[in-house]
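Single-letter residue listing:
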Amino acid sequence: MTITPSPWQQELKKCVKCGACMAVCPIYRQTGREEMVARGKLNHIERQLDERFDDEEPLTPGWLEAVDLCLLCCSCEDNCSKGVKITEIIADARHRQTEQSGLNPIKKSAFSLLKNRVLSLPRFIKAGSWMQWLLWRRLPRHSGLVRRLPLPGIDDKTVIPALPRRHLDDYLKSTKKPQTETALKPVLYFPGCATRYLYPQMGLDLLYVLERLGFSGIVPKELACCGMVTWGAGDQESNQELQQRNLEVFRKHSEIKEIVTGCASCGHALKEYDGLPEDCEILDISEFLFRHREKLEQLVGKNRVEKKITYHDPCHLRKGQGITSQPRWLLKLIAGENFIEMRHPERCCGAGGTFGLTHKELSRKILAEKAHDADSTQAEIVTSGCPGCLLQLTEGAVVANSQWQTAHPISLLAELLRKG
Ligand code: SF4
Ligand code: SF4
């Protein structure tokens, strides 16, 4: 039995082997290996498809490495004049791999938690929050935890988030106002798993800003993971299941036309959904705020963040959604001259979903460059519109022995509005 021709065979043929993807690939910058840039990866994939290998025949080591060694950062795609859908081809290739050899058992268990409503991710995190202090200790200057004792595969600079005992849903339950009490216009807020279960304050900050602008952020508790992590791992079945659950929620609230998120990866994933309700728009919070800039500018007035801040473009925001000017407008509004651009703000931070865990050394090298660029600005706060990047950047500060803190721009804005 042969694998059926890939829907990407035509897409693969669009590549003209110009090599423009080489200039921007973080893997190539660190390894110097040409076969690991998009052009090389596409070659591997195309060769295998052309040969129409047998289903039972193992994939070649070269193919496996090419498909595995990728951050899905979209840098190549963004720089490709032929518009080849490189990340989708790589995710599809990973799917072929999981069909043939199954999903890595750790990822399989993690994805079951994302889908299971009883033995769920929030319950698992809550259980972990009681025990985390046995193995982890709080970082003195930064948010996050590092190991107390030697742990396999984890060094003393690896930062994990402190697991909170209360999640965003718990806070919302305790502050929920009856709908009649609010004359605010509803907006659907998609917080994403990281904000919901690891950084609930970030979600509360976003809801507070919405409220100050005259909107009520609705957070349906049935929302599932956006699916980005399952898509990237090649688990298309889980990805489809999660998408369908979210689409059901969106349809149930189809009278709300704007869905906002503060997570770059969630926004990127949601914008790719097939079957979004008619006229429904997915908006990154920076896009939404920019639409309401007049009101926001009035609210901020002359108040400014007094610390020096810089900004890292999340790949899924800049290259995935083409959003670059709105976050900068916001940062200039809240920090004025205290906002300083770093060199190469567009370069990937090396997080790449689970890449930072599976390819620690390479991820660290990419991160070290980013930390150096952030350091050079002498900023006290490094901002980014993605919780995953923020966690990686916190590790960057620890690796570079730097003092800077990390923050989502929405949290800085909320702080300013609360003071004003
Ligand atoms: S930039 Fe695009 S067309 Fe050029 S080699 Fe890379 S993938 Fe192919
Ligand atoms: S998605 Fe990023 S890491 Fe992967 S090939 Fe393209 S530029 Fe390189």
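Residues numbered from 1 in each chain as written. Chains lettered and ligands numbered in written order. Predicted model: local features only at pLDDT ≥ 70, side-chain atom pairs only at ≥ 80, totals over all residues.

1. Description of the domain arrangement of the protein
Part 1 of the argument: Domain annotation of the protein identifies domain 1 (9–101) and domain 2 (300–419).
Part 2 of the argument: If you average the C-alpha positions of domain 1 and of domain 2, the two centres end up 29 Å apart.
Part 3 of the argument: Contacts between the two partners involve nine residues from domain 1 and, on the opposite side, 12 residues from domain 2.
Part 4 of the argument: Taken together, the elements giving at least two residues each to the side of domain 1 that touches domain 2 come down to α2 (26–31) and α5 (75–78).
Part 5 of the argument: Sort the elements by how many residues they give to the side of domain 1 that touches domain 2 and α5 lands first, with three residues.
Part 6 of the argument: Looking at the side of domain 1 that touches domain 2 residue by residue, the classes come out as five nonpolar, two polar and two charged. (Domains from an automatic or database assignment. Contact = placed C-beta atoms within 7 Å. Helix = DSSP H or I, 4+ residues; strand = E, 2+ residues; numbered from the N terminus. Nonpolar A, V, L, I, M, F, W, Y, C, P; charged D, E, K, R; others polar.)

2. Here we look at the site of ligand 2
Part 1 of the argument: Around ligand 2, the surrounding shell holds 16 residues, and the nearest of these are Cys-25, Cys-70, Cys-73, Ser-75 and Cys-76.
Part 2 of the argument: Those elements that provide at least two residues to the shell around ligand 2 are α2, α3 (38–50), α5 and α6 (86–101).
Part 3 of the argument: Residues of the shell around ligand 2, tallied by class, amount to 13 nonpolar, two polar and one charged. (Near = placed C-beta within 6 Å.)

3. Section: the site of ligand 1
Part 1 of the argument: For ligand 1, the set of nearby residues contains 15 residues, the closest of which are Cys-15, Cys-18, Ala-20, Cys-21 and Cys-80.
Part 2 of the argument: Per element, the largest residue contribution to the shell around ligand 1 is three residues, and it comes from α3.
Part 3 of the argument: Looking at the shell around ligand 1 residue by residue, the classes come out as 11 nonpolar, one polar and three charged.

4. Some remarks on the pairing of strand β5 (residues 258–261)
Part 1 of the argument: The sheet contact formed by strand β3 (residues 185–189) and β5 spans two bridges and is parallel. Each bridged residue has a counterpart across the sheet, and for Leu-188 the counterpart in β5 is Ile-259.
Part 2 of the argument: In this structure, β5 lies alongside strand β6 (residues 281–284), joined through four bridges in parallel fashion. Looking across to β6, one finds that Ile-259 is bridged to Ile-282.
Part 3 of the argument: For the segment spanning β5, helix α14 (residues 264–271) and β6, crossover handedness is right-handed. (Pairing = 2+ DSSP bridges. Right-handed = clockwise from strand over helix to strand, strands pointing away.)

5. With respect to helix α8 (residues 121–135)
Part 1 of the argument: Taking 1.5 Å as the rise per residue, α8 with 15 residues should run 21 Å; its terminal C-alpha atoms sit 20 Å apart, in good agreement.
Part 2 of the argument: The largest bend in α8 is about 45°, located at Ser-129. (Expected span 1.5 Å × (residues − 1). Bend = angle between axes of the 7 residues up to and from the residue.)

6. Things to note about helix α18 (residues 325–335)
Part 1 of the argument: For α18, every residue scored as buried is listed here: Gln-326, Pro-327, Leu-330, Leu-331, Leu-333, Ile-334 and Ala-335. When α18 is viewed along its axis, its buried side chains cluster within an angular range of 165° and face the same direction. Of the exposed residues in α18, those oriented more than 90 degrees away from the buried face are Ser-325 and Lys-332.
Part 2 of the argument: On the buried face of α18, the contacting elements are α15 (285–291), α16 (293–300), β7 (309–311), β8 (381–383) and α22 (409–419). (Buried ≥ 20, exposed ≤ 12 C-beta atoms within 10 Å, placed from the backbone. Arc of directions from axis to C-beta.)

7. Observations regarding the pairing of β3
Part 1 of the argument: In terms of strand pairing, β3 meets strand β4 (residues 215–218) through four bridges, oriented parallel. In the sheet register, Lys-185 faces β4, and the bridge partner there is Phe-215.

8. Regarding the nonpolar core
Part 1 of the argument: Membership of the largest hydrophobic core comes to 105 residues, with the highest contact counts inside it found for Cys-25, Cys-76, Ile-90, Leu-206, Ile-259, Ile-334 and Leu-413.
Part 2 of the argument: When residues of this core are assigned to domains, at least three map to each of domain 1 (9–101) and domain 2 (300–419).
Part 3 of the argument: Dropping the residues within four chain positions of it, Ile-90 is found in contact with Lys-41, Val-67, Cys-70 and Leu-72. (Core = buried A, V, L, I, M, F, W, Y, C linked by C-beta atoms within 7 Å.)

9. A few points about the sheet that holds β3
Part 1 of the argument: The four strands lie next to each other as β4-β3-β5-β6, forming an open sheet whose pairing is parallel. For this open sheet the edge positions go to β4 and β6, each flanked by a neighbour on one side alone. Across the sheet, the mean angle from the axis of one strand to that of its neighbour is 40°, orientation sign disregarded.
Part 2 of the argument: Against the sheet, α14 contacts β5 and β6, and its axis sits at roughly 160° relative to β6. (Axes fitted to C-alpha atoms, helices over the stretch in contact; angles between N-to-C directions.)

10. A short note on the packing of helix α20 (residues 360–376) against helix α21 (residues 387–399)
In helix packing, the relevant descriptors are the interaxial angle and the interaxial distance, both defined with respect to the helix axes.
Part 1 of the argument: The geometry of α20 relative to α21 is characterised by a closest axis approach of 9 Å and an angle of 80° between their N-to-C directions. Between α20 and α21, the angle is such that the two are roughly perpendicular. Only Gln-392, Glu-395, Gly-396, Ala-397 and Val-399 of α21 make contact with α20, whose side of the interface consists of Arg-364, Leu-367, Ala-368, Lys-370, Ala-371 and Ala-374.
Part 2 of the argument: Classifying every residue of the contact of α20 with α21 by side-chain character gives six nonpolar, two polar and three charged. (Parallel < 35°, antiparallel > 145°, perpendicular 65-115°, else oblique.)

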